[in-house]
Amino acid sequence: MCVVEVFRTREALSEASYAYGAGTQHGGGFGCRTLHTDAKLVQRDFITRSNRAFGAIAGWSFDHRWWVVALALLVLTGSVGLASLATVDSSYEAYFDPRDPTFLSYERFREDFGSDEISYILYEAPDTADGAFDLGVMRKIAHLTEVLEDEVPFVYEVTSLTNAELMVSVADGIEIRALADDLPESQEALRKWRARYLAKPLMVGGIVSDDGKFGAIIIEMDRSSTDPLEQIRFDPEGGDGLPNLYPQVTDNAIQGILARPEYAGIVFHHSGDVPLNAIYNVVIEEESLTLGLTTAGVIALLLLFFFRTVVGVLAPTIVVQLSVVASMAFIATVGWELDLSFSGMPTLLTAIGVAHSVHILSEFRARFVELGDRREALVQTLYLVGAPCLLTSVTTAIGFGAMSFVPIKSIAHMGVYSAFGVLVAFFLSITLLLALLSFGRRTPRHPFTQQQRLHSKGGRGIHGILTWVVAFVIRRRLAILGAFAGIFVASFFGITRLMVDANWLNDFSDAMPLKHTTLRVDEVMGGVTNLILLFDGGAPESVKEPAVLEEIARVQAWANEQEFVRKTYSIVDILADLNQTFHADDPAFHRVPETRDLVAQYLLLYESAGGTEADEYVSSDFRRARLELRLPVGLTSEMAELVASLEAELSEHPLQATTMSMTGIGALWLKLLDYIVSSQIQGFLLAFALIGVLMCVLFRSFVTGVISMLPNLSPILLTLGVMGWLGIYLDYSKAAIAAVALGIAVDDTIHLLSRYRYEFRLCGSYTEALRAALSDVGRALMITSIALVAGFLVLLASVLDSQATQGLLLATTIITALVADFLLMPALVLTFHPFGPEGSRVDARVEGIREAA
């Protein structure tokens, strides 16, 4: 049953709207509504029942505002305490679950061969003729090597030209010498040593360039970034701040030593795992704060511009920042770490969390002006927007939560704690925000006027835009559907061109000196990245068998012929060097010894002479041996091509005496590449399915559910399509974009579609319902979209290009989603009538009442 009621006073309007469960609505100058009084319909409607509950929550928050504020302060205090316990993990292991087979293989490798993290210091003396072999430079490097060993925390071994093992032939066997043991007194004598070093393949490309102009110092670590906190803490009483933890304390010590005046004249280029992990730690810690605060500041300015009140700025800011702190407290509570995926989360959560505040503030502003009572305005506000805000929070949490099932650990964790933060932001919005808005005059300062109503709805500018949008959709709905169909087709073709690839160095912007340093090291010496081939002879001592060594040598020779391989290292190099040394340095004998006994004798003599480097290439029981391929910085797909070529080679010429597996950083990156594909597909499909089902259930209509999802599919397809057309790689930093973008974009759709259906139930006309819904909700949608876009664009200031690109893509997605919600969704509703058949038109008398109101 349907009746028309005209309310002459604001008090009567408020009382009847709440009693009938229909709310109040004055969008577009409408002061009259057709109110449904079908009790069964109200009881069956989840959204209507939720509206009543949220109205009650608003009243409770108003009546107990001091308790709400006190509880928020208590939560803030506890969250800050817990958040301070969170630690940072910037290592690549943060991407992998500890149970992952590839990661487990890598861990077993580290058990045999120790930590593979290093600092690599390339150096040059541009003002000298002999470069790295200048006598003055060599003396400084000898001193520097000792200082690094003595003063740098968590060092296992330091290797340079001055202490590297040089095997020389003597009358009764071999000697292992080092320049530091008897440093030449003259430049001429040092030049003779230069010839010996450059004749050793094991050293060239590792600690000296082939022309002798550059040298290198390799600092091997006895810790890894993923070791337990108690093992990477330098000073047991110094706390758990970054400066007291590995790798930060190690990197700071190295940088301080290299800057000392006694090493003037030498130019150092410091790269490797230690400085790269350390800079990641700094970025994560600093940008999480600075970008988060910047986002908050930008959004605060936008709120001040749109709402022109201090409370309208401070209240949403407090809510979202408390949500960020609560998320960090959650991370610490469950025992996770602030990993590489965390740095953009505060910005993301700040931008998302403010959306609830904008809808509440926008609705409250209009209600307060019209009703003239602060408490009733808050009740009516949450009655109208509470359920949509709940639904948007749930769908956004689903978008994030869908990523918790992907195999990339850091992204899975990000999905969980971001979903938690979104739900916390919603809870605070309907309690703390309402309590903060309750402070102030109970009634407006000025009497209600039509000008105030128009101003509360965004002013003539926004009202004019929304009026034009409605007219355009009504007039051009078929053209809109055709245009979006064309966009869908073009996007699908773009997606077919999308490439899954990654280059970890591209995470850094060109403004970061370490990126250029790493490229310089990569250009001059062996590659910065490695791929480990692990050979297993099947039994202890089996590595000493010539058949095993020959297979390692065969694969190593093949690898040295590949363009993508810069340098290789294995036990074969040391044995071949021993064999050559025993034969008067004859290059013809630079090969594997012919018998097991000879291998054993060489190794015994090598150990007796003080040699230790062989231990780095074989396990302690001589069952396993590693072949390390040093690779340049490049796309992971290039490494994948190398692996595919190796597999083809071994398929054609199989190994007989050994089994081989791949591990090391390179193998982890290859596995990560596979994960990216599965993560993007799995996360998006799961989020799309869950949100789609939820929409169908909530609106109790399959057609409505489908219509609600199409506008949200278009921005994701367009974003991925543009990435394909522009050649932007889908890498680990963008693996979550589709699922996250879907969770965010659906928010506007829920607010507009739920209000559209609500208005249709009041007036029975799709056209009039669109005009009323967009008049009220449209302003909030525009403000939230502007806030989201501005928040995501803050990420452009990140020193991580991956974060900047992600922010730009998400901002583009939000803009596209708003356009789709304003154009595509109404066009679909006007075409397919998902809310049921239209009722009889409201007569002219009622239209006149509307205009008068």
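Our subject is the structure listed above.
Reference entry: report on the structure contained in this document.

### Things to note about the packing of helix H13 (residues 374-401) against helix H14 (residues 409-430)
(1) Moving on: Contact geometry for H13 and H14: axes closest at 8 Å, N-to-C directions at 170°. In terms of axis orientation, H13 runs roughly antiparallel to H14. When H13 is examined against H14, the residues Leu382, Gly386, Cys389, Leu390, Ser393, Thr396, Ala397, Phe400 and Gly401 are found in contact with a partner set consisting of Met414, Gly415, Ser418, Ala419, Val422, Leu423, Phe426 and Ile430.

### Structural notes on the pattern of salt bridges
(1) Moving on: Considering all chains together, one arrives at 21 salt bridges under this definition.
(2) Moving on: Across the pair Glu175 and Arg177 runs a salt bridge, and its minimum N-O distance is 2.9 Å.
(3) Moving on: Since its relative accessible area comes to 35%, Glu175 is described here as partly exposed.
(4) Moving on: Relative accessible area serves as the criterion here: at 30%, Arg177 is assigned to the partly exposed category.
(5) Moving on: Between Glu363 and Arg367 there is a salt bridge, with the nearest N and O atoms lying 2.7 Å from each other. Of the two residues, Glu363 and Arg367 both sit in helix H12 (residues 345-371), four residues apart, roughly one turn of that helix.
(6) Moving on: For Arg367, a relative accessible area of 1% translates into the label buried.
(7) Moving on: Each member of the salt-bridge network shares a partner with another, and the members are Asp130, Glu188 and Arg191.

### Things to note about the sheet that holds strand S9 (residues 529-536)
Paired through backbone hydrogen bonds, the strands of a sheet run either parallel or antiparallel to each other.
(1) Moving on: Strands sit in the order S10-S11-S9-S12 across an open sheet of four strands; the sheet is antiparallel. Two strands lie at the open edges of the sheet, namely strand S10 (567-569) and strand S12 (659-663), each paired on one side alone. Taking the axes of each pair of neighbouring strands and ignoring which way they run, one obtains an average angle of 20° across the sheet.
(2) Moving on: Pairing between S9 and S12: five bridges, direction antiparallel. Following the sheet pairing, Phe535 is matched in S12 by Met660.

### Concerning the pairing of S9
(1) Moving on: Here S9 lies mainly inside the structure; eight of its eight residues are buried.
(2) Moving on: Where S9 and strand S11 (residues 624-631) come together, eight bridges link them in antiparallel fashion. The partner of Leu534 across the bridge, within S11, is Arg626.

### Section: unusual backbone geometry
(1) Moving on: In this structure, Pro247 follows Tyr246 across a cis peptide bond, with omega equal to 5°.
(2) Moving on: Along the chain, Pro247 turns up in the loop between helix H8 (229-232) and helix H9 (248-258).
(3) Moving on: Here the phi dihedral of Phe154 falls at roughly 65°; this positive angle occurs in a residue that is not glycine.
(4) Moving on: With respect to the helices, strands and loops of the structure, Phe154 is situated in the loop between helix H6 (135-151) and strand S4 (155-159).
(5) Moving on: For Phe154, a relative accessible area of 13% translates into the label buried.

### Examining the sheet that holds strand S7 (residues 214-221)
(1) Moving on: Spatially, four strands are ordered S4-S7-S3-S8 in an open sheet, and the strand pairing comes out antiparallel. One side of each edge strand has no neighbouring strand; the edge strands of this open sheet are S4 and strand S8 (267-272). Each adjacent strand pair in this sheet contributes to an overall mean axis angle of 20°, direction not counted.
(2) Moving on: Judged from the six bridges that link them, strand S3 (residues 118-124) and S8 form a sheet pairing that is antiparallel. Within S8, the position partnered with Ser119 by the bridge is Gly272.
(3) Moving on: Contacts from H9 reach S3, S7 and S8, with the element oriented near 170° to S8.

Conventions we followed
Residues numbered from 1 in each chain as written. Predicted model: local features only at pLDDT ≥ 70, side-chain atom pairs only at ≥ 80, totals over all residues. Heavy atoms only, no water. Axes fitted to C-alpha atoms, helices over the stretch in contact; angles between N-to-C directions. Helix = DSSP H or I, 4+ residues; strand = E, 2+ residues; numbered from the N terminus. Parallel < 35°, antiparallel > 145°, perpendicular 65-115°, else oblique. Contact = heavy atoms within 4.5 Å. Salt bridge = Lys/Arg side-chain N within 4 Å of Asp/Glu carboxyl O. Buried < 20%, exposed > 50% of the residue type's maximum accessible area, 1.4 Å probe, protein only. Pairing = 2+ DSSP bridges.

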